[in-house]
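Here is how the chains run, residue by residue.
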Amino acid sequence: MEEKTANMAENIRVTFTGFHYIKDGDYPNDFEVCLLILKDNSLAAGCWDTGLYATEGGKQPGAFRQARGYFIDADYVKA
């Protein structure tokens, strides 16, 4: 079986269905692990967090927590 890397792949199309859109205010449950489609059309994974640090003291609904302490603000997430 031939192994392919991202540099070798051409003309690949993937369709995702059943996603919840952040713009609709449809946020995940607290600490739910999610596959994220970012606004630049890249993919990421994160755990939804509504703690004080993630909400910036109540200024935003939450953020997606990632490994090593990184966060992705909901503003950067499409679905």
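Just above, that's the structure.
What you see is a predicted model, and the numbers here were worked out from it, not measured in a lab.

Basis of the calculations
- Residues numbered from 1 in each chain as written.
- Predicted model: local features only at pLDDT ≥ 70, side-chain atom pairs only at ≥ 80, totals over all residues.
- Heavy atoms only, no water.
- Pairing = 2+ DSSP bridges.
- Helix = DSSP H or I, 4+ residues; strand = E, 2+ residues; numbered from the N terminus.
- Axes fitted to C-alpha atoms, helices over the stretch in contact; angles between N-to-C directions.
- Core = buried A, V, L, I, M, F, W, Y, C linked by side-chain atoms within 4.5 Å.
- Buried < 20%, exposed > 50% of the residue type's maximum accessible area, 1.4 Å probe, protein only.
- Contact = heavy atoms within 4.5 Å.

Student: Hey, could you go over the sheet that holds strand β3 (residues 63–65) for me, with residue numbers and the actual values?
Tutor: The sheet built from 4 strands is open, its strands ordered β1-β2-β3-β4 with antiparallel pairing. Edge positions in the sheet fall to β1 (33–37) and β4 (71–73), since each of these pairs with one other strand and no more. Neighbour-to-neighbour, the strand axes of the sheet open up by a mean angle of 45°, direction not taken into account. Here β1 runs beside strand β2 (residues 43–49); their pairing, made up of 5 bridges, is antiparallel.

Student: An account of the nonpolar core is requested, with residue identities and associated values reported.
Tutor: Residues I22, C34, L36, L38, A44, W48, F64, I72, A74 and V77 constitute the largest nonpolar core, which totals 10 residues. Elements supplying a minimum of two residues to this core: β1 and β2. Leave out the neighbours within four places in its chain, and V77 touches I22, L36, I37, L38, K39, F64 and I72.

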